[in-house]
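Structural overview for review
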Amino acid sequence: MKKKALISLLALYLLLISIIIGGCTMSESKTVTTTKKYPDRPITIIVPFSAGGAYDLIPRALERTANQHLGQPLIVVNKPGGAGNIGWNELAGVTPDGYTIGITGIEMLLQPLYSPGKYNYPTALEPLVQVSSFPMVLAIQANQPWENLDDLVKYAGQHPGEINIGNSGMGSFPHVLGELFAYTAGISVKHVPFLGGSDSMAALLGGHIQGVFTTQAITKEHLKNGTIRVLAVTSEQRLADPVFASVPTFKELGLDIVLNNWVGLAAPKEMPIEVRAKLADGLKAIIVDPEYKNALEHIGLQVDYLNPEESQKKWLNDNEKLSKVIQETGILDRIKEQKK
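A brief look at the structure comes next.

Rules behind the numbers
Numbering of residues starts from 1 in every chain and runs along the sequence as written. Residues qualify for local features only when their pLDDT is at least 70, as the model is predicted, and side-chain atom pairs are given and counted only at 80 or more; totals for whole chains, interfaces and linings, by contrast, use all residues. By convention in this description, side-chain values take in all heavy atoms of the structure and omit both hydrogens and water. When DSSP locates at least two bridges between a pair of strands, those strands are taken to pair. Helix and strand assignments come from DSSP, with helices taken as H or I runs of at least 4 residues and strands as E runs of at least 2, each series counted from the N terminus. The axes are straight lines fitted to the C-alpha atoms, using for helices just the contacting stretch, and the angles between their N-to-C directions are given from 0 to 180°. Between two residues, a contact is recorded if the distance between any of their heavy atoms is within 4.5 Å. Any two rings among Phe, Tyr and Trp, with Trp reduced to its six-membered ring, count as a pair given centres within 6.5 Å; such a pair is stacked if its planes are under 30 degrees apart, edge-to-face if over 60, and tilted if neither. Relative accessible area decides the class of each residue, using a 1.4 Å probe on protein chains only: under 20% of the type maximum gives buried, over 50% gives exposed, and in between gives partly exposed. What counts as a salt bridge is simple: a side-chain nitrogen of Lys or Arg found within 4 Å of a carboxyl oxygen of Asp or Glu. In this context, the arc is that of the directions from the helix axis out to the C-beta atoms.

**Some details on the sheet that holds strand 3 (residues 100-105)**
- Taken together, the six strands give an open sheet; going across it, the order is 2-1-3-10-4-11, and neighbouring strands pair in mixed fashion. Of all strands in the sheet, those with a lone pairing partner are strand 2 (74-78) and strand 11 (303-306), marking the two edges. Between one strand axis and the next, the sheet turns through 25° on average, direction left out of account.
- Pairing analysis gives two bridges linking strand 4 (residues 125-134) to strand 11, with the strands arranged antiparallel.

Structure (structure tokens):
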């Protein structure tokens, strides 16, 4: 009996060893296969805003040389709504295999500051690259009576709540700038949300709102055509682009509003290191390509590349700035009150 029991135990031991070894071999094989073949199919870029804005134009420019630098095409998919939350929730929830990445911007940092959501984006996502950084501009219709920012501020002071300022949704970066503008200038305006920058610009051109905080990319052609007037820009210095050269900064007009937007690409956390490295390197190659630089300049933007580590530091620094702004302007309290 003892001999039979010993044989049975030995057989069980050998079976367990074979299962463990086999499992390890299968796991290692899967990792190697994924890494060696990546990428072997198109890569999707989720854009969490509507078509036409900087968040959309930047990845569409990336598409042009993706095959050359990544070996596979990039497919842009717009998922607008919820001030970016719909798209970023989808991005944070996908399998981290490198085949779905997403556009990020300063709004990605804002949303978790307002209230806990399904994901805390700065920790659920990891940066791959920063592509560009750019200031925002305050634009009005050219047929409005206000020739400059001072005229608009005076009118708003005499007519509280009559000026409608468009934004990309409650709590979005344009909304923060609109609130910061009103707070700093000591005026009362009405903030009107839209799905994205192109939608708010369409509302401005249609006369449904009186002003909008948006990007150079969206305003450039309209400014050249004379259909809009740009009153001020949020950068530290005036813009180098000749089309915007005469536009003053808020700072030189006496309002302390210096805050720039940026656009980058990120992926869900826990992506294999080798896949992350290939993606980051391939995206960098696209971004520093002169063809891409020219494409961005054509739409009024500049390449401002940051690698994954530099982008992570930018996330942390901007998070601190934004936290201060939304508390000082009262946006945080208003958003919390609205959600009750």
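So that's the structure; there's more coming.
**As for the sheet that holds strand 7 (residues 190-193)**
- Read from one edge of the open sheet, five strands run 7-6-8-5-9, paired in mixed fashion. The open sheet has two edge strands, strand 7 and strand 9 (228-233), and neither has a second partner. Going from strand to strand, the sheet's axes swing by 30° on average, the running direction of each strand aside.
- In this structure, strand 5 (residues 137-141) lies alongside strand 9, joined through five bridges in antiparallel fashion. Along strand 9, the bridge assignment pairs leucine 138 with alanine 232.
- Against the sheet, helix 10 (residues 216-225) makes contact with strand 5, strand 8 (211-214) and strand 9, and its axis sits at roughly 135° relative to strand 9, the strand it touches most.

**Quick notes on the packing of aromatic side chains**
- Enumeration over the complete set of coordinates arrives at eight aromatic pairs.
- An angle of 65° between the planes, with centres 5.1 Å apart, marks the rings of tyrosine 38 and tyrosine 99 as edge-to-face. Placement of the pair is tyrosine 38 in the loop between helix 1 (2-37) and strand 1 (43-47) and tyrosine 99 in the loop between helix 4 (85-93) and strand 3, with a sequence separation of 61 residues. Here the two residues tyrosine 38 and tyrosine 99 agree in accessibility, since each one is buried.
- Chaining the aromatic ring pairs together yields one cluster made of Phe49, Tyr55, Trp88 and Tyr121.

**With respect to the pattern of salt bridges**
- All told, the structure shown has 13 salt bridges when counted by the stated rule.
- Taking the shortest distance from any N to any O, the salt bridge between arginine 334 and glutamate 179 comes out at 2.7 Å. In this pair, arginine 334 sits in helix 14 (residues 331-339) while glutamate 179 sits in helix 8 (residues 173-185), placing the two residues 155 residues apart along the sequence.
- Residue glutamate 179 is classed as buried on the basis of its relative accessible area, which comes to 10%.
- Across the pair lysine 251 and glutamate 236 runs a salt bridge, and its minimum N-O distance is 2.5 Å.

**Some thoughts on the side chain of glutamine 111**
- Among the structural elements, glutamine 111 can be located in helix 5 (residues 106-114).
- Setting aside residues no more than four positions away along its own chain, glutamine 111 makes contact with Ala83, Asn85, Tyr121, Gly171 and Ser172.

**Points about helix 14**
- Regarding helix 14, the residues found buried are Ile331, Leu332 and Ile335. Buried residues along helix 14 cover an arc of 100° about the axis, so they all sit on one side. Turned more than 90 degrees away from the buried face of helix 14 sit Asp333 and Glu337, all of them exposed.

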